[in-house]
Amino acid sequence: MERSGWKSTLADFAVITAGTAIIAAAVFFFLTPSHLALGSVAGLAIVLTNFIPLSVSAISLIVNVGLLVVGFLLIGREFGAKTVYTSVILPVFIGVLERLFPDVASLTQDALSDLACYLFIVSLGQAILFRCNASSGGLDIVGKLLNKFFHIELGRAISMAGLCVALSAAFAYDVRTVLLSLLGTYLNGIVLDHFLFNSTLKKRVCILSQKQDEMIRYITTELHSGATIYEATGAFTDEKKKEVITIVNMQEYRKLMDFIGETDPTAFITVYNVSEVVYRPKKRG
């Protein structure tokens, strides 16, 4: 059991390392050559290299370590060893790439193309980290601080921090670069949401059917999911019916909709997207 735990931990950190390497490659090959200051510590480091005689990797390391110290002091020790690990190895990966490719130039020779490539590659790396319950640190820490002390929604707080970094490009680059940085910061959130959160999206399905017993039986025995039953009253007929509500993942949702279509085509169904479910599993028996 203990060996299995160690193997799982090592595998977890191997995946995190791969995700971090992907982010480092995106920053080095697409972000740095185009001087795009997207909403990240690496983006801020690219701007600061115009004023501080240090490399992108060195500035990233200094800023990340500083934010980690602040995070541990103000947020707490549970902040996570994985975030410490990724925050340290990200600038190390960038430093290795700087030594291997000292005169790197834009691979596409076009800032907009670099932006598009960066967004897709970095979002892949971020998705890998988030799925391993890790992050690349940096502005995630700033977002958590804003959330804790100013009660700003976490996603919005991280976006605000990112936009501030993007705006910092105005101190070193032209208007086009600033606008591309702002656009990239905004699109990065959309692309990440698409690749990461859409895969874990759940559906809240509300069913009004004459065959509610069959619906409940299918949900609980075939889908192995839970359901809640509410009493509903029709506004025109004053007829009382029972509404069955369940939350299912995307695969279960497709099966449920097929079953409803075959069992009761006249059923009235409403569907909502659910991004997060917090509950304590019930023990059977």
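Residues numbered from 1 in each chain as written. Predicted model: local features only at pLDDT ≥ 70, side-chain atom pairs only at ≥ 80, totals over all residues. Heavy atoms only, no water.

**Student:** When you look at the overall build of the protein in this model, what are you seeing that I'm missing?
**Tutor:** Helix and strand counts for the protein come out as 10 helices and four strands. Across the protein, helices and strands are ordered from the amino to the carboxyl terminus as α-α-α-α-α-α-α-α-β-α-β-β-α-β. Residue burial in the protein is summarised as follows: out of 285 residues, 39% are buried. Taking contacts inside the protein between residues at least 6 apart in sequence as the whole, the part at least 24 apart equals 71%. Accessible area for the protein stands at about 17,000 Å²; split by element, carbon and sulfur atoms hold 61% of it. (Helix = DSSP H or I, 4+ residues; strand = E, 2+ residues; numbered from the N terminus. Buried < 20%, exposed > 50% of the residue type's maximum accessible area, 1.4 Å probe, protein only. Contact = heavy atoms within 4.5 Å. Areas by Shrake-Rupley, 256 points an atom, 1.4 Å probe, with all protein chains shown as cover.)

**Student:** What should I look at first to understand the environment of Ala 134 in this one?
**Tutor:** Of note, Ala 134 is situated in the loop between α5 (111–131) and α6 (139–150). Given the relative accessible area of 5%, Ala 134 is considered buried. With 51 residues separating them along the chain, Ala 134 and Thr 83 place their C-alpha atoms 5.6 Å apart. Here Ala 134 is in contact with Ile 16, Lys 82 and Leu 129, once residues within four sequence places are set aside.

**Student:** When you look at the environment of Glu 243 in this model, what are you seeing that I'm missing?
**Tutor:** On the secondary structure map, Glu 243 appears in strand β3 (residues 240–249). The sequence separation of Glu 243 and Phe 268 amounts to 25 residues, and the corresponding C-alpha distance is 9.5 Å.

**Student:** So what exactly am I meant to see when it comes to the environment of Leu 119 here?
**Tutor:** With respect to the secondary-structure elements, Leu 119 resides in helix α5. Taking the C-alpha atoms as reference points, Leu 119 and Ala 26, separated by 93 residues in sequence, lie 8.1 Å from one another.

**Student:** Help me understand the nonpolar core in this model?
**Tutor:** Buried together is how nonpolar side chains tend to be arranged in soluble globular proteins. Ile 23, Val 27 and Tyr 118 are the most contacted members of the largest nonpolar core, which has 29 residues in total. Among the secondary structure elements, those contributing two or more residues to this core are α1 (2–31), α2 (41–48), α3 (56–74), α4 (81–100), α5 and α8 (175–197). The element best represented in this core is α1, accounting for nine residues. (Core = buried A, V, L, I, M, F, W, Y, C linked by side-chain atoms within 4.5 Å.)

**Student:** Can you help me understand the pairing of β3 in this one?
**Tutor:** Here is the key point about a regular strand: its side chains alternate between the two faces of the sheet. Here strand β1 (residues 202–208) pairs with β3 via seven bridges, running antiparallel. Bridge pairing links Lys 202 to Asn 249 in β3. Pairing of strand β2 (residues 228–233) with β3, which is carried by six bridges, proceeds in the antiparallel orientation. Looking at the pairing, Thr 233 lines up with Lys 240 of β3. Where β2 hands over to β3, the hairpin turn is made up of six residues, of which Asp 238 adopts a positive phi near 60 degrees. (Pairing = 2+ DSSP bridges.)

**Student:** It is not clear to me how the packing of aromatic side chains should be interpreted in this structure. Could you clarify?
**Tutor:** We describe a pair of aromatic rings using the distance from one ring centre to the other and the angle between the two ring planes. Taken as a whole, this structure holds five aromatic pairs when the rule is applied. With centroids separated by 5.1 Å and ring planes inclined at 85 degrees, the aromatic side chains of Phe 28 and Phe 29 adopt a geometry described as edge-to-face. We note that Phe 28, like Phe 29, is buried. Here Phe 29 and Phe 101 contribute two aromatic rings whose centre-to-centre distance is 5.4 Å and whose plane-to-plane angle is 65 degrees, an arrangement assigned as edge-to-face. Here Phe 101 lies in the loop between α4 and α5 and Phe 29 lies in helix α1, a separation of 72 residues in the sequence. Assessed through its relative accessible area of 39%, Phe 101 is described here as partly exposed. Linked through ring pairs, Phe 28, Phe 29 and Phe 101 together constitute an aromatic cluster. Here the guanidinium or amino end of Lys 203 rests over the ring plane of Tyr 253, the centre of that ring lying 5.6 Å away. (Phe/Tyr/Trp six-rings, centres within 6.5 Å; stacked < 30°, edge-to-face > 60°. Lys NZ or Arg CZ within 6 Å of the ring centre and 35° of its normal.)

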